[in-house]
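Residues per chain are reported as follows:
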Amino acid sequence: MDLLACSLLACGLILLATGVLPAQAAGDVALRTAPLLAFLATVIVMAELMGRAQVFDVLAGGISRVGRGSYVRLFGLCVVFASATTLILNLDTTAVLLTPVMLAMAARVGITPLPLAMTTVWLANTASLLLPVSNLTNLLAADRVGLSAGGLAARMWAPQVAAIAATAVCLWAMYWRRGRRGADRYVPTAAFRPSDPVLFRVCALACAGFLVAILVTPLPLWVDSLAAALVVIVAFALRRPGELRLSLVPWRLLVMVPGMFLVVETVNVHGLHSLLTHAMGAGEHAAGLFRSAAVGAGLSNVLNNLPVYLAGESAVPEGNRDQLLALLIGTNVGALVTPWASLATLLWFERCRTAGVRIPLARFMGTGLVLAVTGTVAATGALALTS
């Protein structure tokens, strides 16, 4: 992961230094992505400290108890939990922090880890349509079409419901049903008590305040996430200062993301833009929406959804809001087949490897293809029906 991040940035800088990537194009990308990087850094620091304050452990323990030994009930609760984390705290946060919590819960209650792991990674991607905070691509889209957090939610609620529903059906059929999970019931865990209740409450309130702020204030999202992160950092400085280290900052992401954008922008300047313009067309009718979503999903699995969305955005005519949102659906919901299709999936693979959980790659890609197609079709159809 470190080598990949550094290689991408080095490649992007070489392309810029040699003139293969024009300076103006690189400057435009930098202006668009700087607020995204500020948001990504602050929200992940906040979420990492929330994890250390055991907010997620308390929630996961509560879920296992509320499930009362029923896999059906536990499945529904895990879908809601993973979806809510993605919607409120960003899909990369779900991959980084929720994955180890879910895997630890699986170990404590004797559940096969793969169903919980797949629930996390799939919903990290497919539950990321509703709010600008949910995905970095959403921040770009909301800026382009001039929608506030409430405005984006009002337009995307139906596609989001459709995407989560498709994900839930695929998860149950392919990973959670009796023949896949290997047991009828599980033993719930005992109540989890945070080691520092004061720190736990402050972090939980900071998260709630962050959610309220992104919905009701006109401030840029990175300002909201910075404010919430500062509250959490101050709480740790007062209660557990030893936890505040530079390693909290997600350096690899902050190196990898600019590198990806520079490399793909170079490809965009040298022919990708024309290809995307031709492939997506300019229609806002239903067929045009499905066409844009399919292009976004396909290319995201070849390259990566973040730079693909930015490149595709420039190929969508001004004023074609629904076509742009269809592209957003493709790059968010369709990026499920290859391990590199989204940053969240790369982070999830690393967390699973660290926890010693083996992910069968052929099964991951095969089932991911099924969900990528059904989820993208369902969400795009919902967008077309609510136009």
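A few points on the structure. Predicted model, so just to flag it, every value in this text is computed and none were measured.

Examining the packing of helix H13 (residues 286-302) against helix H17 (residues 361-385)
At a minimum axis separation of 10 Å, H13 and H17 run at an interaxial angle of 145°. In the crossing of H13 with H17, the sense of the turn from one axis to the other is right-handed. Facing H13, whose interface residues are Ala 286, Leu 289, Phe 290, Ala 293 and Ala 297, H17 presents Thr 376, Val 377, Thr 380, Gly 381, Leu 383 and Ala 384. In terms of residue class, the contact of H13 with H17 is made up of eight nonpolar, three polar and no charged.

Some words on unusual backbone geometry
With the exception of glycine, the majority of residues adopt a negative phi angle, and the majority of peptide bonds are in the trans configuration. With phi around 70°, Gln 54 is a residue other than glycine that occupies positive phi space. Relative to the assigned elements, Gln 54 resides in the loop between helix H2 (23-52) and helix H3 (55-67). A relative accessible area of 18% means that Gln 54 is categorised as buried. Phi is positive for Arg 68, close to 50°, though the residue is something other than glycine. Mapped onto the elements of the fold, Arg 68 is located in the loop between H3 and helix H4 (71-89).

Focus on helix H5 (residues 91-109)
The terminal C-alpha atoms of H5 lie 25 Å apart, and with 19 residues this matches the ideal 27 Å at 1.5 Å per residue to within 8%. Of all bends in H5, the biggest is about 40°, found at Leu 98, and the proline Pro 100 comes one to four residues later. With respect to burial, H5 is a largely interior element, 15 of its 19 residues being buried. The positive-phi residue at the C-terminal boundary of H5 is Gly 110, with phi of around 75°.

Here's the deal with the environment of Thr 354
Here Thr 354 shows up in helix H16 (residues 343-354). C-alpha of Thr 354 to C-alpha of Pro 100: the two residues are 254 residues apart in sequence and 9.1 Å apart in space.

Some remarks on the side chain of Thr 376
One can find Thr 376 in helix H17. Under the relative-accessibility criterion, Thr 376 is labelled buried at 8%. With residues near it in sequence (within four places) discarded, Thr 376 still touches Ala 293, Ala 297, Ile 329, Gly 330, Val 333, Gly 334 and Leu 371.

A short note on a nonpolar patch on the surface
Judged by side-chain polarity, Phe 290, Leu 369, Val 373 and Val 377 come together as a nonpolar surface patch covering roughly 330 Å² of accessible area. Element by element, the count of residues in the nonpolar patch is highest for H17, at three residues. On the secondary structure map, Val 373 appears in helix H17. We classify Val 373 as partly exposed; its relative accessible area is 46%.

Details of the packing of helix H15 (residues 321-333) against H17
Where H15 meets H17, the axes come as close as 9 Å, and the angle between the chain directions of the two elements is 160°. In terms of orientation, H15 lies roughly antiparallel with respect to H17. For the pair H15 and H17, the crossing hand works out as right-handed. Where H15 approaches H17, its residues Asp 322, Leu 325, Ala 326, Ile 329, Gly 330 and Val 333 are matched on the opposing element by Ala 372, Gly 375, Thr 376, Ala 379, Thr 380 and Leu 383. Looking at side-chain class alone, the contact of H15 with H17 contains seven nonpolar, four polar and one charged residues.

Observations regarding the nonpolar core
Ranked by internal contacts, the top residues of the largest apolar core, which has 134 residues, are Met 46, Met 118, Trp 122, Trp 176, Phe 210 and Trp 348. With 14 residues, the single largest contributor to this core is H2. The contacts of Phe 210, once residues within four sequence positions are left out, are Phe 39, Val 43, Met 46, Ile 88, Leu 89, Val 133, Asp 224, Ser 225 and Ala 228.

Focus on H3
When the terminal C-alpha atoms of H3 are compared, their 19 Å separation across 13 residues agrees well with the 18 Å that a helix rising 1.5 Å per residue should span. Along H3, the residues that are buried comprise Val 55, Phe 56, Asp 57, Ala 60, Gly 61, Gly 62, Ile 63, Ser 64 and Gly 67. Buried residues belonging to H3 abut H2, H4, H5 and helix H10 (197-216).

Describing the environment of Ser 148
Note on placement: Ser 148 falls in the loop between helix H7 (136-145) and helix H8 (149-176). For Ser 148 and Val 267, which are 119 residues apart along the polypeptide, the C-alpha to C-alpha distance reads 31 Å. A polar contact is formed between the side chain of Ser 148 and the backbone nitrogen of Gly 151, at a distance of 3.1 Å.

The rules we used
- Residues numbered from 1 in each chain as written.
- Predicted model: local features only at pLDDT ≥ 70, side-chain atom pairs only at ≥ 80, totals over all residues.
- Heavy atoms only, no water.
- Axes fitted to C-alpha atoms, helices over the stretch in contact; angles between N-to-C directions.
- Helix = DSSP H or I, 4+ residues; strand = E, 2+ residues; numbered from the N terminus.
- Left-handed = near helix turned anticlockwise from the far one by under 90°.
- Contact = heavy atoms within 4.5 Å.
- Nonpolar A, V, L, I, M, F, W, Y, C, P; charged D, E, K, R; others polar.
- Buried < 20%, exposed > 50% of the residue type's maximum accessible area, 1.4 Å probe, protein only.
- Expected span 1.5 Å × (residues − 1).
- Bend = angle between axes of the 7 residues up to and from the residue.
- Patch = residues over 30% accessible without salt bridge, like charges linked within 9 Å, V, L, I, M, F, W, Y side chains within 5 Å.
- Areas by Shrake-Rupley, 256 points an atom, 1.4 Å probe, with all protein chains shown as cover.
- Salt bridge = Lys/Arg side-chain N within 4 Å of Asp/Glu carboxyl O.
- Parallel < 35°, antiparallel > 145°, perpendicular 65-115°, else oblique.
- Core = buried A, V, L, I, M, F, W, Y, C linked by side-chain atoms within 4.5 Å.
- Polar contact = N/O pair within 3.5 Å; in protein donor to acceptor, adjacent residues only side chain to side chain.

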